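In case you want the letters, here they are:
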Protein chains: 2
Amino acid sequence: MKQESVISVLREQGHRITNVRSAVVELLETSKSPLSADEIREELKKRKLDVNKTTVYRELDFLKGRNIAQEVEFGDKKKRYEIVGKHHHHVVCVQCKRAEDVDLQQDLDVVEKKIARGKGFQITGHSLEFFGLCSNCRQ
Amino acid sequence: MKQESVISVLREQGHRITNVRSAVVELLETSKSPLSADEIREELKKRKLDVNKTTVYRELDFLKGRNIAQEVEFGDKKKRYEIVGKHHHHVVCVQCKRAEDVDLQQDLDVVEKKIARGKGFQITGHSLEFFGLCSNCRQ
DNA sequence: TTCGATGCAAAGGATTTGCAGATGC
DNA sequence: GCATCTGCAAATCCTTTGCATCGAA
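Keep in mind the model is a prediction, meaning the values are calculated, not measured. (Residues numbered from 1 in each chain as written. Chains lettered and ligands numbered in written order. Predicted model: local features only at pLDDT ≥ 70, side-chain atom pairs only at ≥ 80, totals over all residues. Heavy atoms only, no water.)

**Some remarks on the UniProt feature "binding site: Fe cation" (unreviewed entry) in chain A**
Per the UniProt entry, the sites bearing "binding site: Fe cation" (unreviewed entry) are His 87 and His 126 of chain A in this numbering. Residues from the annotated list that form part of the lining of the second largest cavity: His 87 of chain A. Sequence-distant contacts of His 126 of chain A, defined by excluding residues within four places in its chain, comprise His 88, His 89, Gln 105, Leu 108 and Glu 112 of chain A together with Glu 129, Phe 130 and Phe 131 of chain B. There is a polar contact of 2.9 Å between the side chain of His 126 of chain A and the side chain of His 89 of chain A. (UniProt positions renumbered as here; feature names shortened; annotations may be inferred. 1 Å grid on protein atoms, 1.4 Å probe; cavity = no way out; pocket = protein on both sides within 12 Å on 5 of 7 lines; lining within 4 Å. Contact = heavy atoms within 4.5 Å. Polar contact = N/O pair within 3.5 Å; in protein donor to acceptor, adjacent residues only side chain to side chain.)

So this is what it looks like as structure tokens:
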């Protein structure tokens, strides 16, 4: 549904719809949490799509450039990617690196306006991550 | 003042106080925004302290391990470091990478408690960064 | 003297680039 | 057919490690 629309918008814009492209978009859209390039590659492999690392990076770059995907950082050196517009505030377990979503958009909207006014900044995005131990890893 | 105390605590704990150690601590304590390993190295060089990259990383690791410094990420592949306890919410200009502080601790305290209750997460830290264009780069 | 701190070179891991070949439309 | 996508190898960038030496206490 949602996936149809991203892909069809891309198609209308004259971009090629390759297997990799639609698979990556679908992956990101259905994933519960942001995925690293490597995780994406592994997921694709499970679906019998064996894709080179480089290709994954390039696809992510493509999606980033069209404001379809965006980067999130969880404190290791990997970047992770998620669809723009999905909630992007997370609670990350520092041990197992599992991430869950939290929705704090309302609170942040207020804060962003405050900052724009106070500092003359034109805010284009933000990242908000909480780190800690999930109920499993606490034991 | 503040610097005295960090250093003297370390001394009391039996850690050696080298030129590099006290210089890095002072740097971080007086810096207006988080610094990358390389920025630290450059600053030290300005102060006639020529230090190897590795040493800077190791010192940062040391400070991190003692909960004196912590990492912050601004969306490029570099880690940046700041003193724990200094405000660590930032407004980052995506163009010039300059960062300013914003204090949102109050708002976040509330949110963290909410999350701890709702998700069974034991929150140990967070990162909150806003990205945008500063008044200079907007032109 | 002793153990932590340091430098240097090399390794490591994630990401990027160059180029040639493959493929969607 | 042609521009874009893809794979492979090599390059890059940041960070880490191994090992020998140095230096603070």
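**Points about the protein's contact with DNA strand C**
Taken together, the neighbourhood of DNA strand C is formed by 20 residues, with Arg 16 and Tyr 57 of chain A together with Arg 16, Thr 55 and Arg 58 of chain B sitting nearest. When atoms of DNA strand C within 4 Å of the protein are sorted by moiety, sugar and phosphate together comprise 51%. One of the side-chain N or O atoms of Tyr 57 of chain A is found 2.3 Å from a phosphate oxygen in DNA strand C. A distance of 2.4 Å separates a base oxygen of DNA strand C from a polar side-chain atom of Arg 16 of chain B. Taken together, the elements giving at least two residues each to the surface near DNA strand C come down to helix H4 (53–65) of chain A together with helix H2 (19–30) and helix H4 (53–65) of chain B. Residues of the surface near DNA strand C, tallied by class, amount to four nonpolar, five polar and 11 charged. (Near = heavy atom within 4 Å. Helix = DSSP H or I, 4+ residues; strand = E, 2+ residues; numbered from the N terminus. Nonpolar A, V, L, I, M, F, W, Y, C, P; charged D, E, K, R; others polar.)

**Quick look at the UniProt feature "binding site: Zn(2+)" (unreviewed entry) in chain A**
Feature annotation in UniProt places "binding site: Zn(2+)" (unreviewed entry) on Cys 93, Cys 96, Cys 134 and Cys 137 of chain A, given in this structure's numbering. In sequence the annotated residues extend across 45 residues, while in space they remain close, none of their C-alpha pairs exceeding 8.4 Å. Of note, Cys 93 of chain A is situated in strand E4 (residues 89–93). For Cys 93 of chain A, a relative accessible area of 0% gives the class buried. Those residues in contact with Cys 93 of chain A that lie beyond four places of it in its chain are Arg 98, Gly 132, Leu 133, Cys 134 and Cys 137 of chain A together with Phe 121 of chain B. As for its position among the elements, Cys 137 of chain A is in the segment after strand E6 (122–133). Setting aside residues up to four positions removed in sequence, Cys 137 of chain A forms contacts with Cys 93, Gln 95 and Cys 96 of chain A. (Buried < 20%, exposed > 50% of the residue type's maximum accessible area, 1.4 Å probe, protein only.)

**Brief notes about empty space enclosed by the protein**
All names here are of chain B. Inspection of every chain in the model, using the stated rule, returns two cavities of 30 Å³ or more. Approximately 70 Å³ is the volume found for the largest cavity. Contributing to the lining of the largest cavity are 13 residues, with Ser 31, Ser 33, Pro 34, Glu 82 and Lys 86 lying nearest its centre. Tallying contributions element by element places strand E3 (residues 79–83) first for the lining of the largest cavity, with three residues. Here the residues of the lining of the largest cavity are counted per class, giving five nonpolar, four polar and four charged. Counting contributing residues per domain, the lining of the largest cavity is built from domain 1 (1–85) and domain 2 (86–139), each supplying no fewer than three. (Points joined across faces, edges and corners; volume = space filled by probe spheres on them. Domains from an automatic or database assignment.)

**What to know about the packing of helix H2 (residues 19–30) of chain A against H4 of chain A**
A pair of packed helices is captured by two measures, namely the crossing angle of their axes and the spacing between those axes. All names here are of chain A. It is at 10 Å that the axes of H2 and H4 come closest, and there the two elements cross at 70°. Judged on the interaxial angle alone, H4 and H2 are roughly perpendicular. Once H2 is placed against H4, the crossing between them reads as right-handed. Between H2 and H4, the contacting residues are Val 20, Arg 21, Val 24, Val 25 and Leu 28 on the first element and Thr 55, Glu 59, Leu 60, Phe 62 and Leu 63 on the second. (Axes fitted to C-alpha atoms, helices over the stretch in contact; angles between N-to-C directions. Parallel < 35°, antiparallel > 145°, perpendicular 65-115°, else oblique. Left-handed = near helix turned anticlockwise from the far one by under 90°.)

**Quick word on the environment of His 88 of chain A**
Residues and elements named next belong to chain A. Tracing the backbone through its elements, the reader meets His 88 in the loop between strand E3 (79–83) and E4. Residues His 88 and Gln 70 lie 18 residues apart in sequence; the distance between their C-alpha atoms is 9.5 Å. If we skip the residues at most four places from it in the chain, His 88 touches Gln 70, Glu 82, His 126, Leu 128 and Glu 129.

**Things to note about H2 of chain B**
Residues and elements named next belong to chain B. Here H2 contains 12 residues, and its C-alpha end-to-end distance of 16 Å stays within 8% of the 16 Å for a straight helix at 1.5 Å per residue. Counting buried positions along H2 gives nine out of 12 residues, so the element sits mostly inside the fold. Burial in H2 covers these residues: Val 20, Arg 21, Ser 22, Ala 23, Val 24, Val 25, Leu 27, Leu 28 and Glu 29. (Expected span 1.5 Å × (residues − 1).)

**Examining the environment of Ser 36 of chain A**
Residues and elements named next belong to chain A. Mapped onto the elements of the fold, Ser 36 is located in strand E1 (residues 35–36). A sequence separation of 46 residues divides Ser 36 from Glu 82, and the C-alpha atoms of the two residues are 9.1 Å apart. Excluding anything up to four places from it in sequence, Ser 36 contacts Lys 78, Lys 79 and Arg 80.

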